[in-house]
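# Secondary and tertiary structure notes
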Amino acid sequence: MEPTESCYLKFDQVSFSWPNGVKVIDHCSFSIVKPGLWMLVGENGSGKSTLFRLINGAIRPESGKIFCSLRPSMVYQNPDHQLLMPTCKSELMLSVPKTIPDRSLLNVVQSALEKVDLGEMLDRPIHTLSGGQKQRLALAGAIVSNSNLLLLDEPTALLDPQSQNSVLKVLKKLTSSPNDPITAIWITHRLEELYFCDGAAILQNGGIGRWNSGSKVFQELKSLALR
Ligand SMILES: Nc1ncnc2c1ncn2[C@@H]1O[C@H](COP(=O)(O)OP(=O)(O)OP(=O)(O)O)[C@@H](O)[C@H]1O
Ligand SMILES: [Mg+2]
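Described below are features of the structure shown in this document. Source: prediction; values computed, not measured.

### Concerning the overall build of the protein
Helix and strand counts for the protein stand at 6 helices and 9 strands. Computed over the C-alpha atoms, the radius of gyration of the protein is 18 Å, within 12% of the 17 Å expected from 2.2 N^0.38 for a compact globule of 227 residues. When the backbone C-alpha atoms are referred to their principal axes, the protein occupies close to 50 × 40 × 40 Å. Expressed as a percentage of the 227 residues in the protein, the buried residues total 36%. Long-range pairs, those at least 24 residues apart, make up 69% of the contacts in the protein with a sequence separation of at least 6.

### Notes on helix α3 (residues 105–115)
Each full turn of the α-helix corresponds to 3.6 residues, which orients residues three or four apart in the same direction. Along α3, the positions that sit buried rather than exposed are Val-109, Ala-112 and Leu-113. For α3, the angular spread of the buried residues around the axis is 100 degrees, confining them to a single face. Against the buried residues of α3 lie α2 (88–93) and α4 (131–144). Following α3 by one or two positions, Asp-117 has its phi on the positive side, about 60 degrees.

### Digging into the sheet that holds strand β2 (residues 23–32)
Pairing in this open sheet of 3 strands is antiparallel, and the strands run β2-β1-β4 from one edge to the other. In this open sheet, the two strands that pair with only one neighbour each are β2 and β4 (63–68). Looking at each pair of strands side by side, their axes are set apart by 20 degrees on average, direction ignored.

Conventions used here
Here, residues in each chain are numbered from 1, in the same order as that chain's written sequence. Each chain takes a letter, starting from A, and each ligand takes a number, starting from 1, following the order in which they are written. With the structure being a predicted model, the display of local features is reserved for residues of pLDDT at least 70 and the display and counting of side-chain atom pairs for 80 or more, all residues being used for whole-chain, interface and lining totals. Only DSSP runs of H or I with at least four residues qualify as helices, and only runs of E with at least two residues qualify as strands; both kinds are numbered from the N terminus onward. The quantity called the radius of gyration is restricted to C-alpha atoms. Its globule counterpart is 2.2 Å times the number of residues to the power 0.38. Burial is judged by counting other C-beta atoms within 10 Å of a residue's own C-beta: 20 or more means buried, 12 or fewer means exposed, and anything between counts as partly exposed, with every C-beta placed from the backbone. It is the C-beta atoms, placed from the backbone, that decide contacts: two residues are in contact if theirs lie within 7 Å. Working definition: the arc comes from the directions between the helix axis and the C-beta atoms, pointing outward to the latter. Note on pairing: DSSP must find at least two bridges between two strands before they are called paired. Each axis is a line fitted through C-alpha atoms, taken for helices only over the stretch in contact, and angles between the N-to-C directions span 0 to 180 degrees.

Given below as structure tokens:
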């Protein structure tokens, strides 16, 4: 498959089955051609997390092709499963690429914290952060590692509304920044989040429909629920 010039991520007729034989992804084709906040919805067990594993290369398609010109990073539902170190600074130091010279380490870490609105938190113990702050620290970890494709698997499912908004706001800022905007794919079950995205799609029957506006997908899902 020849990716188009500006294509960031492209699935071409990708299929995948787990060893139990269930075909979770079935001739799935879609592409993302520009940075932004892209949201994905689908019923439990429809294959959303499996799709992320295909994108980040943890599993391989049994047929079809995946083209990805971006560097993916995962952000999970529970930040406590992702954050390992005692402080914000030590956590981010873990993810800084080895190519960064020692004299620049602190600047790189501080700048990543500022991008996620945690600029004052360099020496803050992680156990004192709120859930939303922890999720934003996980985002900063992806940023310092030089990732430019965030795969967010229900990142706000465990957060209260205020923390949920703080994560959405930061993601919106990172994906629409005039300098170096990143690409994010966000799996959500919280349908009100669809109003913040640049495009949304439904994963069903192993495939992804076309990208639509978040409000259109919201209405579509509401009308399905009312049937
Ligand atoms: N590691 C695995 N081994 C075997 N089967 C798996 C594995 N991971 C997922 N599956 C199966 O693949 C199907 C899709 O699961 P997946 O976790 O991708 O769905 P999902 O859309 O993310 O669901 P949810 O909304 O509940 O998170 C399910 O039938 C699940 O049991
Ligand atoms: Mg899942």
